[in-house]
Amino acid sequence: MTIARQIHLVRRPQGVPVPEDFAIVERPYAEAGDGEVLVEALMMSVDPYMRPRLDADQALDAPLLGGGIGRVVQSRNERFKEGDLVRHGAGFQERFASNGKGLSVLNRDPSLPLSVYMHALGATGITAYGGLLETGALKDGEQVFISTAAGAVGSVAAQIAKIKGCYVVGSTGSEDKAAWLRDELKLDAVINYKTQPLAEALAKATPKGLDVYFENVGGAHLDAALPRMNVRGRIPVCGMISTYNGGGEGVKNLFSLIYGRIRMEGFVASDFAHLNAAFLADMTGWLKDGSIKYQETILDGFERAPEGLIGLFAGQNAGKMLIHIAD
């Protein structure tokens, strides 16, 4: 047997995670048995949704849950050959054996970097695509608000809305990110919620109200958006990041749902498997023709995964946070 590293959760975080909540552990791994493959991790994704899982379904002293891309280095499974790139959800492990369940071969377009398959052409992208177009039932030319619009999901959602001819307002928490949204993504209005009064700024930026609010934050953002919603507006709920580390802000304007006949619906990426072919075709085209732009924050080194997760909640990422492990 040979040794590979894993990232373990060793205690439940109290509020924002700290490095002491995690440990780098060496574990032996075996070669692939009958019907199995041995996978070498190449890149891992770090996402806000990982935080609430640390309080419940993430086991202690076990590999941190998460998804990534790896390479098959040994195969005794007829579905996979050595050298195949695969998507996996096996968590933060440098190498692991698998019977193939939960693995899917990645057919990469050679003109695109591998990293985009971790965000715009991955779970991040299908989350934005399905959440906006199906759950949000977006129509061309509508009025749209995207919270955390400079984030990995929010930035894709904002650009899809622009592609569909919509008037798009985005919020973010730094001037650098606000400038990127204005200058690169060409959003119609941008709010820095840390320097502007959110509700007042949103009201000023949305003279025609809102048909769709793509919700990533909750709290004050939701409270500001609700009174701006037009009759039969839709609020697809992608996340509630303001609550992930405990606490959070109360929401007073939920009564707006009643008389506005507003639909508010949560969703997860796996809801949209039936959209996958259309998503891959659209997103590949948009990336190639420059309609979709992106930012990445890539930390080099397997051991930096906890740093990446902690950094998400300090706003240290520009766009998608990724961990590069091997080429």
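As a starting point, this report considers the structure included with it. Computed from a predicted model, the values in this text were never measured in an experiment.

What counts and how
Sequence positions are assigned chain by chain, starting from 1 and proceeding in written order. Reporting of local features is limited, given that this is a predicted model, to residues whose pLDDT is at least 70; pairs of side-chain atoms are given and counted only at 80 or more, and all residues count toward the totals for whole chains, interfaces and linings. Side-chain calculation: all heavy atoms of the structure are included, whereas hydrogens and water are not. Strands here are runs of E lasting at least two residues and helices are runs of H or I lasting at least four, both read from the DSSP assignment and numbered beginning at the N terminus. A contact between two residues is defined here by any heavy atoms of the two lying within 4.5 Å. The patches described consist of residues with a relative accessible area above 30% and no salt bridge, like charges being joined within 9 Å and nonpolar side chains (Val, Leu, Ile, Met, Phe, Trp, Tyr) within 5 Å. Throughout, the Shrake-Rupley method with a 1.4 Å probe supplies accessible areas, and for residues the shown protein chains are the sole cover considered. The working definition used for a salt bridge is a side-chain nitrogen of Lys or Arg within 4 Å of a carboxyl oxygen of Asp or Glu. For each residue, the accessible area found with a 1.4 Å probe, counting protein chains only, is set against the maximum for its type, and the residue is called buried under 20%, exposed over 50%, and partly exposed in between. Two strands are counted as paired when DSSP detects at least two bridges linking them. With axes taken as lines fitted to C-alpha atoms, and helix axes fitted only over the stretch in contact, angles between N-to-C directions fall between 0 and 180 degrees. Orientation is classified from the angle alone, with under 35 degrees giving roughly parallel, over 145 giving roughly antiparallel, 65 to 115 giving roughly perpendicular, and any other angle giving oblique. If you view the pair so one helix is near and one far, a crossing is left-handed when the near helix is turned anticlockwise from the far one by less than a right angle, and right-handed when it is turned clockwise. The path from the first strand over the helix to the second decides the hand: if it runs clockwise while the strands point away from the viewer, the crossover is right-handed. Pairing of aromatic rings covers Phe, Tyr and Trp, the last counted by its six-membered ring, and requires centre-to-centre distances within 6.5 Å; plane angles under 30 degrees mean stacked, over 60 mean edge-to-face, and any other angle means tilted.

What follows deals with the environment of Pro-227. Position of Pro-227 among the secondary structure elements: in the loop between helix 6 (220-225) and strand 12 (229-237). A C-alpha to C-alpha distance of 16 Å links Pro-227 and Val-217, two positions 10 residues apart in sequence. With residues up to four places along the chain from it excluded, the contact list for Pro-227 reads Asn-253 and Ser-256.

Below, the discussion takes up a nonpolar patch on the surface. A cluster of nonpolar side chains, namely Phe-255, Ile-258 and Tyr-259, defines an oily patch on the protein surface of about 410 Å² accessible area. The residue Ile-258 is located in helix 7 (residues 256-259) in this model.

A separate point is the pairing of strand 11 (residues 210-214). For strand 11, the tally of buried residues reaches 5 of 5 residues, placing the bulk of the element in the interior. Relative to strand 11, strand 8 (residues 143-146) runs parallel, the two being bridged by 3 bridges. Bridge pairing links Phe-145 to Tyr-213 in strand 11. Here 2 bridges tie strand 11 to strand 12, and the two strands are oriented parallel to one another. Note that in strand 12 the partner of Val-212 across the bridge is Arg-234.

Running from amino to carboxyl end, helix 2 (residues 123-135) crosses helix 3 (residues 152-163) at an angle of 45°, the nearest separation of the two axes being 8 Å. Compared by their axis directions, helix 2 and helix 3 come out oblique. The element helix 2 and its partner helix 3 pack so that their crossing is right-handed. Residues Thr-124, Gly-125, Thr-127, Ala-128, Tyr-129, Leu-132 and Leu-133 of helix 2 form the contact with helix 3, whose own contacting residues are Ala-152, Val-153, Val-156, Ala-157, Ile-160 and Ala-161.

The element strand 15 (residues 320-324) is extensively covered by neighbouring structure, given that 5 of its 5 residues are classed as buried. Burial along strand 15 is two-sided: Lys-320, Leu-322 and His-324 and Met-321 and Ile-323, pointing in opposite directions, are all buried. The sheet contact formed by strand 3 (residues 37-46) and strand 15 spans 4 bridges and is antiparallel. Looking at strand 15, one finds that Val-46 is bridged to Met-321. Sheet topology note: the strand 14 (residues 296-300)/strand 15 ladder contains 5 bridges and is parallel. Across the sheet, Leu-299 pairs through a bridge with Ile-323, a residue of strand 15. A crossover connection joins strand 14 to the parallel strand 15 through helix 9 (residues 305-312); in handedness this β-α-β unit is right-handed.

Take the packing of aromatic side chains next. Here the distance between the centres and the angle between the planes together describe a pair of aromatic rings. Across all of its chains, the model carries 5 aromatic pairs by this definition. Ring geometry for Tyr-129 versus Phe-279: centroids 5.4 Å apart, planes at 65°, classification edge-to-face. With Tyr-129 in helix 2 and Phe-279 in helix 8 (residues 276-289), this pair connects stretches of sequence that are 150 residues apart. Of the two residues, Tyr-129 and Phe-279, neither departs from the other in class, the shared state being buried. Between Tyr-129 and Trp-286, the ring centres sit 6.3 Å apart and the planes meet at 50°, which makes this aromatic pair tilted. Of the two residues, Tyr-129 is situated in helix 2 and Trp-286 in helix 8; the sequence distance between them amounts to 157 residues. One exposure class covers both Tyr-129 and Trp-286, and it is buried.

With that out of the way, let us pick up the sheet that holds strand 8. Pairing in this open sheet of 6 strands is parallel, and the strands run 10-9-8-11-12-13 from one edge to the other. Each edge of the open sheet carries a strand with a single partner, namely strand 10 (189-192) and strand 13 (263-266). Taking the axes of each pair of neighbouring strands and ignoring which way they run, one obtains an average angle of 15° across the sheet. Bridging between strand 9 (residues 167-172) and strand 10 involves 4 bridges; their strand directions are parallel. Each bridged residue has a counterpart across the sheet, and for Thr-172 the counterpart in strand 10 is Asn-192. Against the sheet, helix 2 touches strand 11, strand 12 and strand 13, its axis set at about 150° to strand 11. Running at roughly 175° to strand 10, helix 4 (residues 175-183) makes contact with strand 9 and strand 10 of the sheet.

Keep in mind these numbers describe shape, not what the thing actually does.
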